[in-house]
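The residues making up each chain are set out below.
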Amino acid sequence: MNRNLTDKDLVAKGSALVATARNDVVAQARVALRWARLTFGDRLVVASSMGDEVLVHLASEAAPGVEVLFLDTGYHFAETIGMRDAVVDRYEVQVRTVLPLLSIEAQAAEFGADLWARDPDTCCAIRKVEPLERGLQPYAAWVTGMRRVDAPTRTDIDVVEWDARRSKVKLNPLAAWSDDDVDRYVAAHGVLQHPLRKIGYASIGCAPCTRPVAPGESPRAGRWSGTGKTECGINT
Ligand code: SF4
């Protein structure tokens, strides 16, 4: 990494390169990932829930050998753990699994059973937010699978941005992708798909807090349904 560049310079440089891909969203993602790998080397990491299949596929091709951070909350669907294992087998990435500091049993002893049902913000803070912050520490730049169309809270994300709270470069290579872009890429590249997609799960998180969505419903409507909660806190 060129130490003479400021954080602002880095983001401007990455953004300028992404702009050369114009409206080709696949090219944008590839350019961003290649630039980030070249710039940050082993200090680049991809954060994946294993429900963002296109992101891991793209990263394995554009940044082979890159580390992928998977937060194992202890509440994942068995299918999500199966996806993690399939990614390890199939793709040229290094998956690093990060666990919360408290087991589910220790959390229940301290906060009571099924904290997710009574206080999902605290449950997410323990099982997702703290592990992510700890997991990201060694890295200078991180990659998410966020898209602008995912939620009203995400409409202003850029492909390359400065994460001021964490003092890291943050990449959202899929920022401009539509649902059709995702479907086209999956079909064209034979991307591994999370098995729950076939039965209506559009956005996949922890099992107690995720339900399938009906046709026409927002993909995020299946997350923390009926609670008013829309984000786990790792992307805010
Ligand atoms: Fe807990 Fe639900 Fe958050 Fe998972 S998504 S950490 S189960 S509140």
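Cut-offs and rules
Residues numbered from 1 in each chain as written. Predicted model: local features only at pLDDT ≥ 70, side-chain atom pairs only at ≥ 80, totals over all residues. Heavy atoms only, no water. Helix = DSSP H or I, 4+ residues; strand = E, 2+ residues; numbered from the N terminus. Rg over C-alpha atoms; globule rule 2.2 N^0.38 Å. Buried < 20%, exposed > 50% of the residue type's maximum accessible area, 1.4 Å probe, protein only. Contact = heavy atoms within 4.5 Å. Areas by Shrake-Rupley, 256 points an atom, 1.4 Å probe, with all protein chains shown as cover. Lys, Arg positive; Asp, Glu negative; His and termini not counted. Charge placed at Lys NZ, Arg CZ, Asp CG, Glu CD. Pairing = 2+ DSSP bridges. Axes fitted to C-alpha atoms, helices over the stretch in contact; angles between N-to-C directions. Expected span 1.5 Å × (residues − 1). Bend = angle between axes of the 7 residues up to and from the residue. Near = heavy atom within 4 Å. Nonpolar A, V, L, I, M, F, W, Y, C, P; charged D, E, K, R; others polar. Core = buried A, V, L, I, M, F, W, Y, C linked by side-chain atoms within 4.5 Å. Salt bridge = Lys/Arg side-chain N within 4 Å of Asp/Glu carboxyl O. Phe/Tyr/Trp six-rings, centres within 6.5 Å; stacked < 30°, edge-to-face > 60°. Lys NZ or Arg CZ within 6 Å of the ring centre and 35° of its normal.

Along the protein chain, the regular secondary structure elements total 8 helices and 6 strands. Walking the protein chain from its N terminus toward its C terminus, one meets helices and strands in the order α-α-β-α-β-α-β-α-α-α-β-β-β-α. By the compact-globule yardstick of 18 Å for 236 residues, the protein chain fits well, its C-alpha radius of gyration being 17 Å. Taking all 236 residues of the protein chain together, 49% fall into the buried category. Summarising the internal contacts of the protein chain: among those between residues at least 6 apart in sequence, 67% fall at separations of at least 24. For the protein chain, the computed accessible surface area is about 11100 Å², with 53% contributed by carbon and sulfur atoms. Taking the 29 positively charged and 31 negatively charged side chains of the protein chain as two groups, their mean positions are separated by 3 Å.

Moving on: the sheet that holds strand 5 (residues 160–163). Two strands in a sheet stick together by hydrogen bonds in their backbones, pointing the same way (parallel) or opposite ways (antiparallel). Strands sit in the order 3-2-1-4-6-5 across an open sheet of 6 strands; the sheet is mixed. Single-partner strands in this sheet number two, and they are strand 3 (94–98) and strand 5. When the angles between neighbouring strand axes are averaged without regard to direction, this sheet yields 30°. When strand 4 (residues 141–143) meets strand 6 (residues 168–171), the two strands line up parallel, connected through 3 bridges.

With that out of the way, let us pick up unusual backbone geometry. The residue Arg22 is not glycine, and still its phi comes out positive at about 50°. For Arg22, the location among the structural elements is in the loop between helix 1 (7–19) and helix 2 (25–40). Residue classification places Arg22 among the exposed positions, given a relative accessible area of 68%. For Trp224, which is not glycine, the phi dihedral falls at a positive 50°.

For helix 7 (residues 120–136), built from 17 residues, the straight-helix expectation of 24 Å at 1.5 Å per residue is met to within 8% by its first-to-last C-alpha distance of 22 Å. The axis of helix 7 is deflected most strongly, by about 40°, at Ile126. Listing the buried residues of helix 7 in full gives Pro120, Cys123, Cys124, Ile126, Arg127, Lys128, Val129, Pro131, Leu132, Gly135 and Leu136.

Bringing the site of the ligand into the picture now. Within the structure, the ligand sits among Tyr75, Trp116, Pro120, Cys123, Cys124, Arg127, Lys128, Cys206, Cys209 and Trp224. Per-element tally for the shell around the ligand: the top contributor is helix 7, with 5 residues. The class makeup of the residues in the shell around the ligand is 8 nonpolar, no polar and 2 charged.

On to the nonpolar core. If you look at soluble globular proteins, the nonpolar side chains tend to sit buried side by side. Ranked by internal contacts, the top residues of the largest apolar core, which has 44 residues, are Phe40, Leu171 and Trp177. In terms of residue count, the dominant contributor to this core is helix 2 (7 residues). Once residues within four sequence positions are removed from consideration, Leu171 is found in contact with Ala32, Trp35, Ala36, Leu44, Ala141, Trp142, Val143, Thr144, Val159 and Val160. Within the second largest apolar cluster, 15 residues are counted, among which are Leu69, Tyr139, Trp142 and Trp224.

This paragraph deals with the pattern of salt bridges. Opposite charge on two side chains allows them to pair when their charged atoms are near. As enumerated under the stated definition, the model contains 13 salt bridges in all. Across the pair Asp181 and Arg184 runs a salt bridge whose closest N-O atoms are separated by 2.8 Å. Of the two residues, Asp181 and Arg184 are both situated in helix 8 (residues 179–189); the distance of 3 residues between them amounts to about one turn of the helix. Residue class for Asp181 comes out buried when judged on its relative accessible area of 15%. Where salt bridges share partners, they join Glu133, Asp163, Arg165 and Arg166 into one cluster.

Time to look at the packing of aromatic side chains. Per the stated rule, a full pass over the model turns up 3 aromatic pairs. Geometrically, the ring pair formed by Trp35 and Phe40 is edge-to-face, given 5.8 Å between the ring centres and 85° between the ring planes. The ring of Trp224 carries the charged tip of Arg223 above its face, separated from the ring centre by 4.9 Å. Here the basic side chain of Lys229 rests over the ring of Trp224, its NZ or CZ set 5.0 Å away from the ring centre.

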